Structures are given as structure tokens and as C-alpha cells.
Amino acid sequence: MLTMNLGLSPPEPQIIVGICAMTKKSKSKPMTQILERLCRFDYLTVIILGEDVILNEPVENWPSCHCLISFHSKGFPLDKAVAYSKLRNPFLINDLAMQYYIQDRREVYRILQEEGIDLPRYAVLNRDPARPEECNLIEGEDQVEVNGAVFPKPFVEKPVSAEDHNVYIYYPSSAGGGSQRLFRKIGSRSSVYSPESSVRKTGSYIYEEFMPTDGTDVKVYTVGPDYAHAEARKSPALDGKVERDSEGKEIRYPVMLTAMEKLVARKVCVAFKQTVCGFDLLRANGHSFVCDVNGFSFVKNSMKYYDDCAKILGNTIMRELAPQFQIPWSIPTEAEDIPIVPTTSGTMMELRCVIAIIRHGDRTPKQKMKMEVTHPRFFSLFEKHGGYKTGKLKLKRPEQLQEVLDITRLLLAELEKEPGGEIEEKTGKLEQLKSVLEMYGHFSGINRKVQLTYYPHGVKATNEGQEDLPEALTPSLLLVLKWGGELTPAGRVQAEELGRAFRCMYPGGQGDYAGFPGCGLLRLHSTFRHDLKIYASDEGRVQMTAAAFAKGLLALEGELTPILVQMVKSANMNGLLDSDGDSLSSCQHRVKARLHHILQQDAPFGPEDYDQLAPTGSTSLLNSMAVIKNPVKVCDQVFALIENLTHQIRERMQDPKSVDLQLYHSETLELMLQRWSKLERDFRQKSGRYDISKIPDIYDCVKYDVQHNGSLGLQGTAELLRLSKALADVVIPQEYGISREEKLEIAVGFCLPLLRKILLDLQRTHEDESVNKLHPLYSRGVLSPGRHVRTRLYFTSESHVHSLLSVFRYGGLLDETQDAQWQRALAYLSAISELNYMTQIVIMLYEDNTRDPLSEERFHVELHFSPGVKGVEEEGSAPAGCGFRPASSEVGPSMKTDQGSMENLCPGKASDEPDRALQTSPQPPEGPGLPRRSPLIRNRKAGSMEVMGGAWEKEVVKLLIGQYL
């Protein structure tokens, strides 16, 4: 017998918790982790009954206990455990008598059916001489008939004993016939194909319909009726190969259960009287079916689950036994039971909905090349992939990119043979296209894509406004090649850390049980009261940011790809988060032309220029113009610094010491030189004028190198960064409109679908009380049955964030002359020069159930904003906001506001600590350059904007769409 208690002098009395199981189970890693945490309860002492005692001692000699955790596995004497339970009458965590039923698949299916739980259509073949009427089997080539029920192939054949894992799946002759034979994992295999097509002729079996899943099985683990953890694994029926990670563990994928699946989890737990219970779900044809109940099962390798499981078990035991031991114990009221939090105005209200729009994390520099193509082969490709339907085509898949490469190679070969032939495409552009497509040695849609846009009268004519001369010019395609822009290791860390910090937006977010800050959100999620959906645009960097954020938010473990596949929605969203940045509207064309005209003047900015370029009076814009003074002179300086930079890189490449030098994210000096040489060529045109559209790319590149490749010690990068940032802080925001009217027109063009979706999210929270909530009959013990928090996370690019902010700032939401708080919020936005990586706009909806539904005080809407990660600007140059939880609205402007930050998201937390910023570094995330805890804090505080009102729908419509819907 092993006694576990971490306290030196445990208080009396003690509640003894006995663990009665085979050694392989009682000493397993999950059990050890959970018991260590269970021992932290002051009044609990855990004893483990040794296997020798269980097998060889009479139950009268077994140690006495007040609570028994006992479960069957191979070789376990369940009869003795039942006898011990009758003798000592301990409180049972998992009922023992029901464990007999769990060993028989027939009984399991009977109980599931009685509970109204969906399971595959099935029939039982009992080869029992005493029951001949249950042994009617007629086998055909592609079907079996069992006691009158017909099962066409494919069907499943399961032994009635749950201990027998030899499950067979039989395939139809049209698919090649044969069968897949499943078995308990042996090494890296869990099934094998067999050519045998005939069913087994001895033994009793369940025959059931084969459910066509997406190749994954969902494993659900309950801890009591109100908690379930779910994960998926590759189905053993798929190919029999067990997917394992670098440590040899089977790969499991995180899964979010639907409202109905959560109700099923509760039903299974209660019906089988198993507090700790695992069962299998099959998701097929839009429904979920239970196909197996395993009884006592633990999740492997999840610290969050170990914490939750121990806490729930400890509280369950204390709630049941503390009164009879006269132990002063009351279940701690979980802050997350009712999702009530203070609003920015200090009022306690129920949080109903959180909507966040978030920019992606740190990425490699984006690179782009445009060329006009007219060769018939490109038009054939355009037609083949359906480009004429919309006039646009995006090619990302490997086979599509290979087609573009094949055409490019062919044209280059023909140009080499016949330099003066009929091919109009420029050799230099074709060579660059070929070079980029051949990079990395393989294709991936994450790091390269080709876009083709059809221009019936030619690209140049269209851009010069000559569309009214249809017959005079020939059609052409604009080919845009994009590469780079991959999420960096630092970007992954940023997203994951922000996900962790984001938990503090929720009730119980300040908790730190067992070292998990924000456990309120985690338990809210696992106890079925969190309705979460995550959306991302089709850009690889955006999708991976969403996956990394989800990993941090929900304390998931493992690689990002499985999280991305299971949890992030990015397909068929009809432009919700994507935009075609290369197809500009007429308003954008006008704005761009005016912007380029102003910035091409070789003279200091005068009053007229300020009026033309900064009619909104934006503080950051005026500051940048003051730094620039003469735009052409600054462009001259920038160009000279780029020339100097490429010269330095070439010199480094000649240095023998730099031959194998690897830069950040596996870049080489040669690739770095290509990046800067292209900008050097493109920035100053042959006419001597500067291409202003390259300024964002220059700033992008130098910011990346200063942050990640600073160890190279290249001269002049700091000055290049300062000047290019000043130019970029004018060009980037003004490309989305110069006047208020232009900003709104362009913004609606970018984000109207997203605005409509946000409005729908808020309205549904208010209207649809049936979404994602427990049935009232199954809500015992939940203080707010049926109440849930709806979370919608939208990950996108800079264009959508700029556009959404424009709607908020210029859409006439509030009159800043009449509202001091709104005035402060707009002043803060005006001072922000850059919407950096991980910029967030968060909308929070609260409800006060005690108020009349039509009352002005029933609903409360808040807007929160953060400009993302700390940039590379000098310390103290960024504006300070008022924090996530500023003082209540009664606090006057002269009083000091709460200087909170993303670290300090929760009310009541001390805020006198200096902020710590996540500094991107030349080292990978596991190196010493990144702190272990760096929740994306910045010295510029998160700003808050608040909208209150009872007729909240009217306010939100006005807030989101204004005059455009």
C-alpha cells in the first residue's frame, strides 16, 4: 500500500481516498499527475492498493477508505472490488456494478438506445444455442442479413465482448472487396488490410452500418456531467498507421464539441454512472454517433486536463464527505459559473459575446512582382481553371503553380531560340517568375501564389482610364506573383502569448490554479458554456496565426497544423476576410494618384500640402510630415541608404567567413541581397522619379532586418528605418483614403461582408437563446443553465483592420464634441502611427438580466483596441492609452486612469509593474532572446472605447455600418 500526502502535518480528520486498479493503470503517468494534484486538498489522503493486495488478499484485509476510485481493466478482479464496496460502503467515483455492462457491447448499445443517444444502425448476432432466434445470418457477396436486418457493405463487425478489440470492416466488391482488421495498437500499427471478404463464422457479433467520417475518430473524456475534454486521432480504419510525433506519442487533434455532443457527453456520464468516463464519437453526415463507451479513461499529456480533473474530483469528494466528517468545507464558487465581469464603467454585468478582429503575427517580408502577359498559353490556363467566370484567378495549389512554371520555362526556351519572335513577355520578368517558382525545391500554397486578372482592353489602357476604346487594344492578363510573407517563429510566439493573455477577457480570467492563469476561460470552455468559432483569411500566415492563438487561448499542446485543420475555418467565406489588393476600386486609384502626386514634389510641405494630405488632422500623420519636410529629398536619402546596404551585403558575401552564414528563419545573404536589390531597382524609376508604392515594402524589409538580423551590424539601417517609417506612416494609412468620405468608401469596399457578419453575431447572441447551451433538465449544479458566452475570432490582414477602424472613427457613431470618453478614444487612435502585427479590435456585449429588456440599461457594448506588438520605434515615442479596464466613467479626466495592458487585462490586478514587451529577436523562440512569459505587452496601452444603451441593436447597426446598410 502506498500513501500519498504532500503536507508534513496533515490536519485532522482525514478523508482517505483509495485507488483500486491494476498497477499498470494506478501508476500510469496520467493517474500519477492527477493524484499529485489531488493531494493538494488539505483534508484528502490518497492510498494506492497494491496489485498484490488486490489479487491475493481477501477484501476484509484491504485497507479501509472513505472514497474509492476503482475501475476494471484486463486481469482486474471486479467481483472482489464489488464485495469490498459492499463491505466498507465507500463513496464511489465510478459505479462498480455498471462496469459489468461496459464489458459487453450489447449492453452498452442497449443503454445508449434507452437514453435516446444516436448510434449507428446495428443488429446483434448471438451464437447462443439457448437463443436460436437471434442467430439468423445470411451472407451475400456484398451484404449480410442479420435476423432480418440487411447491412450492405461496407459494414462493421464487432465482437460482443468489449475486451476483444478485433473489429473488422468489410468492403464492397466494387471497391476491391476484402476487409480491414482493427486491433489494439502494436507499435505503429492499429489495423491491417486482408483480402478475406467473408464474415467470421464462430462467436457472437454486433453488425453495424459503416459511418463515413473524415478519417478521424473523436475521443471524449468526461469528469462529471458538466465537464468534457475532446480530441481526435486518425481513424485506425484509414490506413492502420498510427501517427506519432517526434517523441513517439500518438498524435491527437484538439476538437470543439457541438451543443448536442456536449449533451451526449452528459447523458453518457450519468447513464453509466461513471464520473470519469471515455467514449468514442463518429461524426458523419452532419450527425454525431456514439460507437463505444470505454468507462474509466484519462487524457494523455494534457496538463490543463490534469488540473481540471483533480480539481473536479477533489471538490466532488469534499462536497459528498465533508459534512459527515464535520469538516468546514464549502465548494468554492467558481467565478466562471455565471460569466459576470465588471464593465469599463464599473458595473457588474453578464458577458454574452466577445468578437475580436486580429491582424496576423510577425512575418517575413512580402514580395511581389507584376507583369502583363498576352501569350495564348496563359489565356488557356486562365480558361482551364475557370478564370472567365469572375475575371480573376488565384493559383496556389502545387499542380497549378507547376503549370505556370512549365509555361514560363517554355517561353524562355522559345525566346532563347528566337529572341525577336512573337513572344511579347519581357525576358527579365519571365526569368524572375521562373526563379521564384523554383525556390525551395517544392511548392506550397503557404509561401507562393500567382494571381491572374483579365483586362479586356489591356492592363495599361485600363489603368489609364481608356476603357472606352474597346476595339483599339488587345486583351491581356495581369499576372501578380507573390512570395514571402510567412509567419515567423517570433510571430507564432506572439500569437500564442496573446491567446493566453486573451483568456483574461473572460470571467475567472485572473485565476492561477495550478499555474494556469486564465483558467476561468478554459473551464468555461470545457464545461460547455463557451460557443467559440475561429475564422481566418486564406493567407497561410493568417491561418497559422489563428492556430497559434487558439493554442494559447485553450492551452492546447502539440503542432499547429492539426489545430489549424480542426479549429480554424478558412474555406468558402465569400470574401469575409480576404481582399484582392491588386484590384483597386476607382476611389483607390484616385487616392493613390493624388498621394503619388503630392509625394513627388521636390519642395518642403506647405500649408496646401497639409490640407491636401491630412484633411482629417491625424496627429500621427502630421508628426510624420514634420519629420519628412521634403518628400523627394527624403526619398533620395532612402535610395542612397539602400544602395549602401546592398553594397555592404555584397562585400559580406565576398568574405570567406560569411560563406555558410544563416540569417533569421533560414534566409541566406544571397536571398537577402535579392530582396534589397529588387527594391533598389524598383524604387527609383528610369525617369528619376520614385515609385511611392514601394515605400511600405522598404519599411517592411528594414523593420524585419533590424528586428531579426541586427547581429549582422549593417551600417545605416537605423536611419533607413527612421526615414522609411516616416514615409510609410504617411503612405500606408492614406492608401485607405485621404478624406473622411474616401476612407469610408474604401473601408466599406473592404469589410462590408465582415461588418454584416459581426452584426449577425451580436444579434444572434441576443435573439437565439438555444445556441450551444445545456438542456435545462441536465443543468443541475450549473448556476446559470443555458447561459453561454459566444466568442467569434476573425484573423485577417492589415487592410481589414484599417478599414474597420475607419468605419468606427468616421462612421458617425458618436459626436465627439458631446462625449469626452469618445473624444479621448479618437485622440488615441489619431496618435497611433502603425497598426502593427497582432493589432486587435475587440467588441464585447454585456447584459443585465435584472433590467427590463427594453430598458436603456439592459445591454452594454464596449469597443477595445490595441495597436499590436511593440514596434521598433524609440522607447516612449508611442502614445499611452487608458488600459483594458480603465477607471469607472465617474472618474474625471484630471484623475489618473488605470495604466493596464494586455498583461493586466483583469480588474483588481496591480498595475504598477513596468510593461514588458515581446521583442522579436534574431534567435529562434527557443533561444535566450525571447522571455518565457511575454504576453504581448507594450508600453502603449490598449485603448478602450465604450458604447452603452438599451436599444443596443440600433446603436450597433449605427456603430458598424452607419449609412451603408
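Residues numbered from 1 in each chain as written. Predicted model: local features only at pLDDT ≥ 70, side-chain atom pairs only at ≥ 80, totals over all residues. Heavy atoms only, no water.

- By the naming in an unreviewed UniProt entry, the protein chain is Inositol hexakisphosphate and diphosphoinositol-pentakisphosphate kinase, taken from Ursus americanus.
- Entered under Sequence similarities (unreviewed entry) in the UniProt record, the comment concerning the protein chain runs "Belongs to the histidine acid phosphatase family. VIP1 subfamily." (UniProt positions renumbered as here; feature names shortened; annotations may be inferred.)

## Thoughts on the overall build of the protein chain
Then step 1. Broken down by element type, the protein chain carries 27 helices and 31 strands.
Then step 2. Taking all 965 residues of the protein chain together, the buried fraction comes to 56%.
Then step 3. In the protein chain, once contacts between residues fewer than 6 apart in sequence are set aside, the share between residues at least 24 apart is 71%. (Helix = DSSP H or I, 4+ residues; strand = E, 2+ residues; numbered from the N terminus. Buried < 20%, exposed > 50% of the residue type's maximum accessible area, 1.4 Å probe, protein only. Contact = heavy atoms within 4.5 Å.)

## A word on unusual backbone geometry
Then step 1. With omega at 5 degrees, the peptide bond leading from Lys 153 into Pro 154 counts as cis.
Then step 2. Topologically, Pro 154 is positioned in the loop between β9 (149-152) and β10 (155-159).
Then step 3. With phi around 65 degrees, Met 838 is a residue other than glycine that occupies positive phi space.
Then step 4. Mapped onto the elements, Met 838 comes out in the loop between α26 (820-831) and β29 (840-847).

## Some details on empty space enclosed by the protein
Then step 1. This model, assessed by the stated rule, comprises four cavities of 30 Å³ or more.
Then step 2. Its volume calculated, the largest cavity comes out at about 100 Å³.
Then step 3. Among the elements of the structure, β22 (366-373), α21 (669-683) and α22 (695-708) are those that each provide at least two residues to the lining of the largest cavity.
Then step 4. Here the lining of the largest cavity takes four residues from α21, the largest share from any one element.
Then step 5. Considered class by class, the residues forming the lining of the largest cavity number two nonpolar, one polar and seven charged.
Then step 6. Shared between two domains, the lining of the largest cavity holds at least three residues of each, these being domain 4 (366-416 + 426-459 + 473-484) and domain 5 (616-735). (1 Å grid on protein atoms, 1.4 Å probe; cavity = no way out; pocket = protein on both sides within 12 Å on 5 of 7 lines; lining within 4 Å. Points joined across faces, edges and corners; volume = space filled by probe spheres on them. Nonpolar A, V, L, I, M, F, W, Y, C, P; charged D, E, K, R; others polar. Domains from an automatic or database assignment.)

## What about the packing of aromatic side chains?
Then step 1. Evaluation of the coordinates by the stated rule reveals 24 aromatic pairs.
Then step 2. With 5.4 Å between their ring centres and 70 degrees between their planes, Tyr 388 and Tyr 454 make a pair best called edge-to-face. With Tyr 388 in the loop between α9 (376-384) and β23 (392-395) and Tyr 454 in strand β24 (residues 448-455), this pair connects stretches of sequence that are 66 residues apart.
Then step 3. The exposure class of Tyr 454 is partly exposed, given its relative accessible area of 28%. (Phe/Tyr/Trp six-rings, centres within 6.5 Å; stacked < 30°, edge-to-face > 60°.)

## Here we look at a positive patch on the surface
Then step 1. Taken together, Lys 24, Lys 25, Lys 74, Arg 184 and Lys 300 make up a surface patch of like positive charges.
Then step 2. Looking at where Lys 24 falls in the secondary structure, it is placed in helix α1 (residues 23-26).
Then step 3. Exposure remark for Lys 24: the relative accessible area of 73% places this residue in the exposed category. (Patch = residues over 30% accessible without salt bridge, like charges linked within 9 Å, V, L, I, M, F, W, Y side chains within 5 Å. Areas by Shrake-Rupley, 256 points an atom, 1.4 Å probe, with all protein chains shown as cover. Salt bridge = Lys/Arg side-chain N within 4 Å of Asp/Glu carboxyl O. Lys, Arg positive; Asp, Glu negative; His and termini not counted. Charge placed at Lys NZ, Arg CZ, Asp CG, Glu CD.)

## Brief notes about the sheet that holds strand β14 (residues 205-209)
Sheet strands associate in pairs through backbone hydrogen bonding, adopting either a parallel or an antiparallel arrangement.
Then step 1. The antiparallel open sheet is built from six strands, whose spatial order is β6-β14-β10-β11-β12-β13. Of all the strands in the sheet, the pair left with one neighbour each is β6 (122-125) and β13 (189-194). Averaged over all pairs of adjacent strands, the angle between their axes in this sheet comes to 20 degrees, without regard to strand direction.
Then step 2. Here strand β11 (residues 168-170) runs beside strand β12 (residues 179-186); their pairing, made up of three bridges, is antiparallel. Looking at the pairing, Ile 169 lines up with Gln 180 of β12. (Pairing = 2+ DSSP bridges. Axes fitted to C-alpha atoms, helices over the stretch in contact; angles between N-to-C directions.)

## So, the pairing of β14
Then step 1. For β14, a buried count of four out of five residues is recorded, marking the element as mostly surrounded by other parts of the structure.
Then step 2. Where β6 lies against β14, four bridges are found, and the strand directions are antiparallel. Residue pairing across strands places Tyr 122 opposite Glu 208, the latter belonging to β14.
Then step 3. Examined bridge by bridge, β10 and β14 share five bridges and lie antiparallel to one another. Note that in β14 the partner of Val 156 across the bridge is Glu 208.

## Quick word on the pattern of salt bridges
Then step 1. Evaluation of the coordinates by the stated rule reveals 38 salt bridges.
Then step 2. The partner of Asp 280 in a salt bridge is Lys 219, and the shortest N-O contact between them spans 3.0 Å. Placement of Asp 280 in strand β18 (residues 276-284) and of Lys 219 in strand β15 (residues 216-223) is noted, with a sequence separation of 61 residues between them. With respect to class, Asp 280 is no different from Lys 219; both count as buried.

## Focus: helix α8 (residues 303-321)
In an α-helix, one turn spans 3.6 residues, which is why side chains three or four residues apart end up on the same side.
Then step 1. End to end, α8 covers 27 Å across 19 residues, agreeing with the expected 27 Å (1.5 Å per residue, within 8%).
Then step 2. With 16 of 19 residues buried, α8 is to be regarded as a mostly interior element. (Expected span 1.5 Å × (residues − 1).)

## Some words on the packing of helix α25 (residues 798-810) against α26
Then step 1. At their nearest, the axes of α25 and α26 sit 11 Å apart, and the two run at 145 degrees to each other. Note that α25 runs across α26; the crossing there is left-handed. Here Leu 805, Phe 808 and Arg 809 of α25 come into contact with α26, specifically with Trp 822, Leu 826, Leu 829 and Ser 830.
Then step 2. Partitioned by chemical class, the residues of the contact of α25 with α26 number five nonpolar, one polar and one charged. (Left-handed = near helix turned anticlockwise from the far one by under 90°.)

## Some remarks on the sheet that holds strand β8 (residues 143-146)
Then step 1. Here three strands make up an open sheet; going across it, the order is β7-β8-β9 and the pairing antiparallel. In the strand order of this sheet, the two ends are held by β7 (137-139) and β9, each with one partner. Ignoring which end each strand starts from, the neighbouring axes of this sheet average 15 degrees apart.
Then step 2. For β8 and β9, the ladder comprises four bridges, and the chain directions are antiparallel. Among the inter-strand pairings, Gln 143 is bridged to a residue of β9, identified as Pro 152.

## Describing the nonpolar core
Then step 1. If you look at the biggest cluster of nonpolar residues, it comprises 80 residues, and the most contacted ones within it are Val 638, Trp 676, Phe 683 and Leu 720.
Then step 2. Per element, the largest residue contribution to this core is nine residues, and it comes from helix α23 (residues 717-734).
Then step 3. Counting contributing residues per domain, this core is built from domain 3 (340-361 + 490-578 + 742-775 + 785-866) and domain 5 (616-735), each supplying no fewer than three.
Then step 4. Setting aside residues no more than four positions away along its own chain, Phe 683 makes contact with Cys 635, Val 638, Phe 639, Ile 642, Arg 689, Tyr 690, Asp 691, Lys 694, Ile 695 and Ile 698.
Then step 5. Counting 39 residues, the second-largest nonpolar core is a separate cluster that includes Met 349, Leu 556, Phe 795 and Val 869. (Core = buried A, V, L, I, M, F, W, Y, C linked by side-chain atoms within 4.5 Å.)

## A few points about the environment of Gly 140
Then step 1. Inspection of the secondary structure assignment puts Gly 140 in the loop between β7 and β8.
Then step 2. For the pair Gly 140 and Pro 152, spaced twelve residues apart in sequence, the C-alpha separation works out to 9.1 Å.

## A look at the environment of Thr 213
Then step 1. Along the polypeptide, Thr 213 turns up in the loop between β14 and β15.
Then step 2. Classification of Thr 213 as partly exposed rests on a relative accessible area of 25%.
Then step 3. Counting along the chain gives 75 residues from Thr 213 to Ser 288, while the straight-line C-alpha distance between them is 9.8 Å.
Then step 4. Beyond its immediate sequence surroundings of up to four residues, Thr 213 is in contact with Leu 282, Arg 283 and Ala 284.

## Comments concerning the packing of α21 against α22
Then step 1. Close contact between α21 and α22 brings their axes to 11 Å; oriented N to C, the two are set at 155 degrees. Judged by the inter-axis angle, α21 sits roughly antiparallel to α22. The chirality of how α21 crosses α22 is left-handed. In this structure, α21 contributes Met 672, Arg 675, Trp 676, Leu 679 and Phe 683 to the contact, and α22 contributes Ile 695, Asp 697, Ile 698, Cys 701, Val 702, Tyr 704 and Asp 705.
Then step 2. In the contact of α21 with α22, the residues fall into nine nonpolar, no polar and three charged. (Parallel < 35°, antiparallel > 145°, perpendicular 65-115°, else oblique.)

## Quick look at the pairing of strand β26 (residues 530-536)
Then step 1. Of all seven residues in β26, six are buried, a share of seventy percent or more.
Then step 2. Both β26 and strand β28 (residues 789-796) contribute to a ladder of seven bridges, which runs parallel. In the strand pairing of β28, Tyr 535 is matched with Tyr 794.
Then step 3. Taken together, the two bridges between β26 and strand β27 (residues 568-569) define a ladder with parallel strand orientation. When the bridges of β27 are listed, Tyr 535 appears paired with Lys 569.

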